[in-house]
Amino acid sequence: MEDNQQNRRKFLTNAGKATLAVGLSQTILPAMASRFAGLNHTTAIPYSQQPLPYGYKDLEVSIDAMTMEIHYTRHAATYTKNLAEACVAEKVDTSAVKLEELMGNISKYSAKMRNNGGGHFNHEMFWQSMTPKGTEKPSGKLLADIEKTFGSFEAFKTKFTDAGKTRFGSGWAWLVLDKDNKLVIGSTPNQDNPLMDICELKGMPLLGLDVWEHAYYLRYHNHRPDYITNWWKVVNWEVVQKRYENS
Ligand SMILES: [Fe+2]
């Protein structure tokens, strides 16, 4: 019964969001589809919240169901809603301007656009970066590049974890591919991301970790490092590899 209720709530929530998004635009986002292969964006409506690729309970090994539900249906959904409002107010043609382009010119827009555009982009990427069938590490060229760049996969994990642990206040830890095709680890405050022209850390984001308290507080309280340690168990390396290969 509980599952049915949860599924129904999820369906109604997503149906409402889909209607909102259709109102914004009828076109798909081909650049996102190619750049973020494996993210189900081939049929995505731009600037809309996509359905989670798993249930709220499915990441329990790392993140509890209530956190997932509140995070997705309230925090992330609000970013999407506020982004839509900002696009109307600031006359952004969502059928013509790709989300990546908007991020790249974010200095020309309001704080509302920056915070909610980043919030929408970051969370959409975050949901797709996790899976109940997480593997320990990537393989192929990405693993080889990580090992070459950071010394070992464990050294990479330590550096990425430190980026999340030391981000003061709210923000994100990132693995990005910079303009020289070099893997770089860093973090950003609030909902900024490495695609933004105002961001010190720049590049194509391959993996992002939400270290806002809303992402972990119910289970981990103030123990952010424990959240990060457990989060590695659900990273979807297959998706990260596709982003790397398509960048
Ligand atoms: Fe979040």
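Below is a summary of the structure that appears in this document. The model shown is predicted, which means the values in this text are computed figures rather than measured ones.

A separate point is helix 7 (residues 153-166). Taking 1.5 Å per residue, 14 residues should reach 20 Å; helix 7 reaches 20 Å between its end C-alpha atoms and fits that length. Within helix 7, the full set of buried residues consists of Phe153, Phe156, Lys157, Phe160, Thr161, Ala163 and Gly164. Relative to the axis of helix 7, the buried residues are bounded by an arc of 155° and lie together on one face. Those residues of helix 7 that are buried lie in contact with helix 6 (140-150), strand 1 (171-177), strand 2 (183-189), strand 3 (204-210), helix 9 (224-231) and helix 10 (237-246).

Examined against the element boundaries, Ala163 turns out to sit in helix 7. With a relative accessible area of 10%, Ala163 lands in the buried category. Between the alpha carbons of Ala163 and Trp174 there is a distance of 7.9 Å; along the sequence they are eleven residues apart. In this structure Ala163 touches Ala173, Ile185, Gly186 and Ser187, once residues within four positions along its chain are discounted.

Looking at the largest pocket, its volume works out to about 220 Å³. Looking at which element gives the most residues to the lining of the largest pocket, the answer is helix 10, with four residues. Considering only residue class, the lining of the largest pocket consists of eight nonpolar, nine polar and three charged.

At 1.9 to 2.1 Å from the iron ion lie its protein donor atoms, namely His71 (NE2), His123 (NE2), Asp210 (OD) and His214 (NE2). One chain supplies every donor to the iron ion, and in sequence these donors are spaced H-x51-H-x86-D-x3-H. With His71 in helix 3 (residues 65-89) and His214 in the loop between strand 3 and helix 8 (217-220), this residue pair connects regions lying 143 residues apart in the sequence. Given the relative accessible area of 17%, His214 is considered buried.

Reading guide: rules and limits
- Residues numbered from 1 in each chain as written.
- Predicted model: local features only at pLDDT ≥ 70, side-chain atom pairs only at ≥ 80, totals over all residues.
- Heavy atoms only, no water.
- Helix = DSSP H or I, 4+ residues; strand = E, 2+ residues; numbered from the N terminus.
- Expected span 1.5 Å × (residues − 1).
- Buried < 20%, exposed > 50% of the residue type's maximum accessible area, 1.4 Å probe, protein only.
- Arc of directions from axis to C-beta.
- Contact = heavy atoms within 4.5 Å.
- 1 Å grid on protein atoms, 1.4 Å probe; cavity = no way out; pocket = protein on both sides within 12 Å on 5 of 7 lines; lining within 4 Å.
- Points joined across faces, edges and corners; volume = space filled by probe spheres on them.
- Nonpolar A, V, L, I, M, F, W, Y, C, P; charged D, E, K, R; others polar.
- Donors = N, O, S within 2.8 Å, 3.2 Å for Na, K, Ca; no water.

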